[in-house]
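For reference, the chains in residue letters:
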Amino acid sequence: MKDIDIGGRLIGKNHPPFIIAELSGNHGQDLELALKMVDEAAYAGAHAIKLQSYTADSMTLDVDSPDFVIAEKDSLWHGESLHGLYAKASTPYEWHPILFERAKKHGILAFSSPFDEDAVEMLAGLDVPCFKIASFELTDIPLIEKTASYGKPMIMSTGMATLSEIELAVLTAKKAGCEEIILLKCTSTYPASPINTNLVTIPHLRSTFSTQTGLSDHTAGIGVSVASVAFGATVIEKHFVLDRNAGGVDAEFSIEPHELKQLVEETSRAHQALGRVTYGGTEAEEKSKHYRRSIFVSATVKKGDVFSRENIKIVRPASGLAPRYLKDVLGKSAKRDIPLGTPLSWELID
């Protein structure tokens with residue numbers, strides 16, 4: 001599978017995972033806080049920051065009927081109207097060039113998830129290196145067609161989508177002009193539980209759709225994200241916040257700067273550890289082989305003495321005959337005098 005170039009950074013199995021810090025609405029409508037988030041994401045080593053591009057009116061209707069109020073009692077946003085929540089969580093469009101420029105100064109990438117066709121056009125005008133389709137929008141085929149028409153790489157979260165829904169999204173994107181697609185395994189609950197994450201889906205996605213695959217992770221901490229590397233994740237996205245205790249619409253399942261730094265480091269370390277199928281030790285282990293066990297003379301032996309458990313012993317290092325030859329040696333005679341501490345060899349045996 002070919003590498004994908006996103007803004008000059010290569011994404012693929014031979015490269016450390018591409019780590020995206022999702023700012024979402026954790027900036028609390030404070031531009032200075034949003035800029036500080038970009039700074040801290042860069043200092044932590046993130047490869048990109050991501051925004052969400054929508055307005056409350058482009059997402060939903062300003063209606064308070066039950067259809068437009070979050071009723072689930074276990075939701076972080078229980079009781080909030082959709083319009084009110086999106087108004088609070090949205091990132092103003094006029095902030096986008098400011099935040100993107102801040103990321104550029106730090107040498108990291110910046111892009112966004114468009115939630116309607118106007119947002120796609122706005123982001124295209126800012127020359128984003130790629131687009132991200134959110135899991136809830138994977139079934140918005142007109143949005144995917146519009147986004148794919150720009151021919152830029154697309155990262156798509158699969159969330160609740162069935163195989164047939166993912167297939168339609170992928171085929172739609174390709175038909176509309178996008179050939180470079182990365183699918184992210186995603187559990188669309190906030191927060192998500194590790195038990196519902198099902199990382200084994202990642203390689204299945206890859207083989208089914210012949211795309212690169214990764215993880216959009218809404219679980220607490222970084223453990224699930226690090227584990228995803230073993231399943232071939234080439235892209236990992238986590239929501240980001242400066243201080244969970246200070247709040248934010250997504251704060252509960254977002255990671256702080258020190259955790260983001262750990263995520264970058266540990267996913268890179270996990271990627272290095274993948275390697276290839278290897279037996280017999282690596283080159284780095286060659287010197288360690290000397291400290292395996294072998295057969296040594298453990299008491300002074302005279303010429304003609306019989307080798308027994310009293311005068312030979314299996315010990316470290318591996319200078320003598322391998323332990324598997326012990327039964328062949330026991331009962332044999334010595335060809336000459338052999339001092340204590342001599343590694344036993346066939347030349348010493350009559």
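Residue numbering note: each chain is counted from 1, following its sequence as written. Predicted model: local features are reported for residues with pLDDT of at least 70 only, side-chain atom pairs are reported and counted for 80 or more only, and whole-chain, interface and lining totals are derived from all residues. Excluded from the side-chain calculations are hydrogens and water; all other atoms, namely the structure's heavy atoms, are used.

(A) How the structure looks around unusual backbone geometry. Residue P191 is reached from Y190 by a cis peptide bond, and omega for that bond is 0°. In this structure, S24 is a non-glycine residue whose phi angle is positive, near 50°. A helix here means a DSSP run of H or I that spans at least four residues, while a strand means a run of E at least two residues long, and both kinds are numbered starting from the N terminus. With respect to the secondary-structure elements, S24 resides in the loop between β3 (18-22) and α1 (31-43). Using a relative accessible area of 4% as the deciding quantity, one classes S24 as buried. Throughout, exposure labels follow a simple rule: accessible area from a 1.4 Å probe, protein chains only, divided by the maximum for the residue type, with under 20% read as buried, over 50% as exposed, and the rest as partly exposed.

(B) Region of interest: the pairing of strand β4 (residues 48-53). Taking burial as the measure, the 6 residues of β4 include 6 buried ones, the bulk of the element. The two faces of β4 match: A48, K50 and Q52 on one face and I49, L51 and S53 on the other face are all buried. Examined bridge by bridge, β3 and β4 share 3 bridges and lie parallel to one another. Bridge pairing in β4 links E22 to K50. In this sheet, strand β5 (residues 109-114) lies alongside β4 in parallel orientation, the contact comprising 6 bridges. What sits directly across from I49, in β5, is A110. In short, DSSP must find at least two bridges between two strands for them to pair.

(C) Focus on the packing of aromatic side chains. In this scheme Phe, Tyr and Trp rings, the latter by its six-membered ring, pair at centre separations within 6.5 Å, and the angle between planes marks the pair as stacked below 30 degrees, edge-to-face above 60, and tilted otherwise. If you walk through the whole model with that rule in mind, you get 6 aromatic pairs. Centroid distance Y54 to F115: 5.2 Å. Interplanar angle 80°. Geometry classified as edge-to-face. Within this pair, whereas Y54 is found in the loop between β4 and α2 (56-59), its partner F115 is found in the loop between β5 and α5 (117-125), the two being separated by 61 residues in sequence. Take Y54 and F115: they sit in the same class, and that class is buried.

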